[in-house]
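Spelled out from the first residue to the last, the chains are:
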Amino acid sequence: MARTSKAQPGSVRCTFCGSAQAVWRGYRYNALGKKHMMLCKSCGHKFTPDDGYLRMRFMPGIIRKAMELRRKGYSTAEVKLNLQRQEGVRVSRWTIIKWERKYGKKA
Ligand SMILES: [Zn+2]
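Residues numbered from 1 in each chain as written. Predicted model: local features only at pLDDT ≥ 70, side-chain atom pairs only at ≥ 80, totals over all residues.

Trainee: Explanation requested: the overall build of the protein in the structure shown.
Mentor: A tally of regular secondary structure across the protein gives three helices and three strands. Start at the N end of the protein and walk to the C end: the helices and strands fall as β-β-β-α-α-α. (Helix = DSSP H or I, 4+ residues; strand = E, 2+ residues; numbered from the N terminus.)

Trainee: Any chance you could explain the nonpolar core here in plain terms?
Mentor: Within the largest apolar cluster, eight residues are counted, these being Ile63, Ala66, Met67, Val79, Leu83, Val91, Ile96 and Trp99. Per element, the largest residue contribution to this core is three residues, and it comes from helix H1 (residues 60–71). If sequence neighbours within four positions are ignored, leucine 83 has contacts with Ile62, Ala66, Val89 and Val91. By size, the runner-up hydrophobic cluster in this structure holds five residues, among which are Val12, Cys14, Ala22 and Met38. (Core = buried A, V, L, I, M, F, W, Y, C linked by C-beta atoms within 7 Å. Buried ≥ 20, exposed ≤ 12 C-beta atoms within 10 Å, placed from the backbone. Contact = placed C-beta atoms within 7 Å.)

Trainee: Any chance you could explain the environment of serine 92 here in plain terms?
Mentor: Along the chain, serine 92 falls in the loop between helix H2 (76–87) and helix H3 (93–103). On the basis of neighbour count, serine 92 is assigned to the exposed category, with 10 C-beta atoms found within 10 Å. Distance in space between the C-alpha atoms of serine 92 and leucine 81 is 9.7 Å, their sequence separation being 11 residues.

None of the figures reported here should be taken as evidence of function without further support.
Okay, here's the thing in structure tokens:
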């Protein structure tokens, strides 16, 4: 499940100014683990290269599983606990509600 596609410096463009003058600069941590951060030498902004999950903090599989549990009648609190125990993912009940609104329990 882990996507390890790592863009090479030089091929990545700054998400702020579009410059290709970006260098790797440490890591950022989220629910999925660590992500590379890049520093743009042109404008000085730090950013995360877009690997397809930039705007989606959680794997689609996690969302699908959450929606599946909701369809089975689990409460948002139970889904939250389930994801935490079985997937090692911490989400808020509000996040689950937002997924529901977005995917309508069909994901
Ligand atoms: Zn820049």
